[in-house]
Amino acid sequence: GAGVSQTPSNKVTEKGKYVELRCDPISGHTALYWYRQSLGQGPEFLIYFQGTGAADDSGLPNDRFFAVRPEGSVSTLKIQRTERGDSAMYLCASGEGAGEKLFFGSGTQLSVL
Amino acid sequence: AQSVAQPEDQVNVAEGNPLTVKCTYSVSGNPYLFWYVQYPNRGLQFLLKYITGDNLVKGSYGFEAEFNKSQTSFHLKKPSALVSDSALYFCAVSGGTYKYIFGTGTRLKVLA
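Quick look at the structure, then. Here the residue numbers are simple positions, counted from 1 along each chain's written sequence. Each chain is given a letter, starting from A, and each ligand a number, starting from 1, according to the order in which they appear as written. Local features in this predicted model are restricted to residues whose pLDDT is 70 or higher, and side-chain atom pairs enter the listing and the counts only when it is 80 or higher, whereas totals over whole chains, interfaces and linings include all residues. Processing note: side-chain calculations cover all non-hydrogen atoms of the structure and skip hydrogens and water entirely.

What to know about the packing of aromatic side chains
Thought 1: Stacked, edge-to-face and tilted labels apply to pairs of Phe, Tyr and Trp rings (six-membered ring for Trp) whose centres lie within 6.5 Å, assigned for plane angles under 30 degrees, over 60, and everything in between, in that order. Summed over the entire model, instances satisfying the criterion amount to 17 aromatic pairs over all chains.
Thought 2: Between Tyr35 of chain A and Phe102 of chain B the ring centres are 5.3 Å apart and the planes differ by 85°, which places this aromatic pair in the edge-to-face class. Within this pair, whereas Tyr35 of chain A is found in strand 4 (residues 31-37), its partner Phe102 of chain B is found in strand 11 (residues 101-102), the two belonging to separate chains. Of the two residues examined, Tyr35 of chain A and Phe102 of chain B, each falls in the buried class.
Thought 3: Considering the side-chain rings of Tyr36 of chain B and Phe102 of chain B, the 5.7 Å spacing of their centres and the 50° angle between planes classify their relative orientation as tilted. With a gap of 66 residues between them, Tyr36 of chain B in strand 5 (residues 32-38) and Phe102 of chain B in strand 11 connect regions that are remote in the sequence. In this pair, the class of Tyr36 of chain B matches that of Phe102 of chain B, namely buried.
Thought 4: Three or more aromatic residues joined by ring pairs form one cluster here, namely Tyr33, Tyr35, Phe45, Tyr48 and Phe104 of chain A together with Phe34, Tyr36, Phe46, Tyr98, Tyr100 and Phe102 of chain B. Runs of H or I in DSSP of at least four residues are treated as helices and runs of E of at least two as strands, each being numbered from the N terminus. Accessible area is worked out with a 1.4 Å probe on protein chains only. A residue is then buried under 20% of its type maximum, exposed over 50%, and partly exposed in between.

Some words on the interface of chain A and chain B
Thought 1: Between chain A and chain B, the contact holds 21 residues from the first and 18 residues from the second.
Thought 2: Carbon and sulfur atoms supply 57% of the area buried between chain A and chain B, which totals about 1,600 Å² over both sides.
Thought 3: Contact with chain B buries surface across chain A, with Gly99, Lys101 and Phe104 of chain A losing the most and accounting together for 29% of the total.
Thought 4: Salt bridges are counted wherever a side-chain nitrogen of Lys or Arg sits within 4 Å of a carboxyl oxygen of Asp or Glu. For the pair chain A and chain B, the interface holds two salt bridges.
Thought 5: One salt bridge connects Lys49 of chain B with Glu100 of chain A, and the closest N-O pair in it is separated by 3.3 Å. Contacts: residue pairs with any heavy atoms within 4.5 Å of one another. In this description, buried area is defined as the sum, over both parts, of the accessible area (probe of 1.4 Å) that is lost when the two are combined.

What follows is the structure, given as structure tokens:
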């Protein structure tokens, strides 16, 4: 596609439920990032993929969060046993490599009730 | 550790006046510096970047930024603000690696 696509755009769930957030990056981009943005804050790094492997997952807050990118393209961020504190905008970005500009999707607004 | 500071939560400027949005950074090694803009209900959009070379970088929509190594700053500027420039602006830094750290953002409000 022309840009980074994230689905769904909004997700409302109940505390304790499992959610999956999808990111479809720009074709050919090897680098893929997940960020989390809370109201009034800047994007907070979660995880970085180079190709299929998670090169750096140091930003994942705890083991309830997991992300995959099995074929080096689409990525899924998975959150188990959601908590109200997980409510935020989850942003995906892709790029051509280190030091290059990032292309962001419009994000998934997650609300945990 | 890398860090970015945007000291102003909001900047107000009259249309037609010059604008400056401030950013300072801390990074080991040579910095890669970026500015992004976020409009309501849209993702972040790249404006400009500094990697090396001329300290004054020109970007999209008439924006420019000046890299100042001694002051570790990378302020965003525009000679004449437009109402349509009103948005949330983020500065980001990378130490030449894949890891980009973003500031907390500055809301720019251009008044007609």
